[in-house]
Amino acid sequence: MSSDPPAVVASLREHREDVVDLAATLVGHDTQNPPGDTRDLASWVESFLADLGIEAERVTSDPRKPNLVATLPGATDRTLVLLGHLDTVPFDAGEWTRDPLGERAGNRLYGRGATDMKGAVAAMLAVANAYVETDTTPATTLVFAFVSDEEVAGSAGLPTLLDRRGLAADACVIGETTCESDRHSVTVADRGSIWLELEATGTAAHGSRPMLGENAIHRLYRAVSDIESTLDDYRFEFDPAVRALVDESVEYYAPRFGADAARELFERPSVNLGVLSGGDRVNVVPDAARAKLDIRVTAGVETAAVLDRVREVVAGHDGVETSDADWSVGTFEDPDSALADAVVSVAEGVTGGRVYRRSATGGGDAKRMRNAGVPTVEFGLGTETAHAVDEFTTVEALVGNAEVYARLPDELLRQFDSGTRTFDSTGVSPADTTPSRRDRRENTSDDTR
């Protein structure tokens, strides 16, 4: 690993409690989404940066959900974006044993957003402060981008920022938590998705004479079962770069899912029946039913081909039709790219352990950034409590994130100068032209998206 900015790293270590205090302040702002009002928190972040002499630009389509962009000039013309979101999922305070707006207990900081992802945002702000306070110029220009509306996949967040301002950069790291317990990883890929809505019609009849009707729920369930069976036999063919990524992803997930289940997750489409509804009375044969399916496909796979196969299956079932279908193509960066190598090198140096290069099981803002032409990965130390009751992060995770983000400009520049090529995921899958009827994507964080 290249030499680090010693003054910056030393400052972060010396003032480790300041990172925790920053995270506590961010968590103390209620930014549950919905409604997703981040104005107060965005104003606080603006003020914090202004005190450092860094001006933050607001980019907004919904006044309640501003996005901020702040730039710290570097020693070269290379640019690294550190990206985080300010909103959180909702919470029910009555279910918590800790204060959902922040409570310190020893090594833990509890609160909604502590690990997803106000802790990472705090680490990014601490990095900005350390560079300024030590009068150190980063090796690359650092762009800090803080967005709203991420948790509900809203258009007021990153889509507005990319549409109205753009984020031209050589690389981007999103601070989503990508580490579980003592297993650390950087996510270099996401999966494509198909959100499918099916409707079935039948013929109503009295429940005591079901043979006189046609049960729409039965029709629909047979179609869903046929889809599941067909996709269970569907096997992907991978580009060599994706094959290597799949193998390392399987190795990462195997302790949690089991080796066979982890491989199946990436070797074929996964299917979840999320909604099944129909009928309103127990003594009536239902004449209408509706189902919603969530189908995921590995990066590098043509999602449209999978959707075409599903449509063929549906066409073989009388009284069942596809009423809606939103889909996206998975995107990825080369696991051996300059960006991935830089993050892994720095993170292994900070954590002292292996850092896997894997695919997320879902997708999110990384997909939007890659589709905008910016090589992007996700990395964040944290806990497995994102979206959970009593969500928390740790002091070690907060300080570790800050140190990783602080060291990245030097190591990224070294990787670029060594001639390592940053992979263009659009060369394998048409990520920059991904069709989607409403540009809808998954609306929870990291691997549950």
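Parameters at a glance
Residues numbered from 1 in each chain as written. Predicted model: local features only at pLDDT ≥ 70, side-chain atom pairs only at ≥ 80, totals over all residues. Heavy atoms only, no water. Helix = DSSP H or I, 4+ residues; strand = E, 2+ residues; numbered from the N terminus. Expected span 1.5 Å × (residues − 1). Bend = angle between axes of the 7 residues up to and from the residue. Buried < 20%, exposed > 50% of the residue type's maximum accessible area, 1.4 Å probe, protein only. Pairing = 2+ DSSP bridges. Axes fitted to C-alpha atoms, helices over the stretch in contact; angles between N-to-C directions. Contact = heavy atoms within 4.5 Å. Domains from an automatic or database assignment. Buried area = accessible area lost by both parts, 1.4 Å probe.

By the naming in an unreviewed UniProt entry, the protein chain is M20 family metallopeptidase, taken from Haloferax volcanii.

Draft legend 1. Local environment of helix α12 (residues 395–417). Here α12 contains 23 residues, and its C-alpha end-to-end distance of 34 Å stays within 8% of the 33 Å for a straight helix at 1.5 Å per residue. Where α12 bends most, at Leu408, the angle is about 40 degrees, and the proline Pro409 comes one to four residues later. Counting buried residues in α12 gives 19 out of 23 residues, a clear majority hidden from the surface. Looking one or two places after α12, you find Gly419, whose phi comes out positive at around 95 degrees.

Draft legend 2. Just the sheet that holds strand β5 (residues 108–110), in detail. Strand order in the open sheet made by the three strands is β4-β5-β17, with antiparallel pairing throughout. A single partner strand is all that each edge strand has here, and the edge strands are β4 (103–105) and β17 (392–394). Across the sheet, the mean angle from the axis of one strand to that of its neighbour is 25 degrees, orientation sign disregarded. Inspection of the sheet shows β4 paired to β5 by three bridges, in the antiparallel sense. Paired with Glu103 across the two strands is Tyr110, which belongs to β5. Against the sheet, helix α2 (residues 16–27) engages β4 and β5, with an angle of about 15 degrees to β5.

Draft legend 3. Representation of the domain arrangement of the protein chain in the model. Splitting the protein chain by domain gives domain 1 (4–188 + 329–416) and domain 2 (191–233 + 268–326). Averaged C-alpha coordinates put domain 1 and domain 2 at centres separated by 39 Å. Taken residue by residue, the interface counts 10 residues in domain 1 and seven residues in domain 2. Note on domain 1 versus domain 2: buried area summed over both sides is about 620 Å², and carbon and sulfur give 46% of it. Interface area lost by domain 1 to domain 2 is led by Val329, Gly330 and Thr361, which between them contribute 52%.

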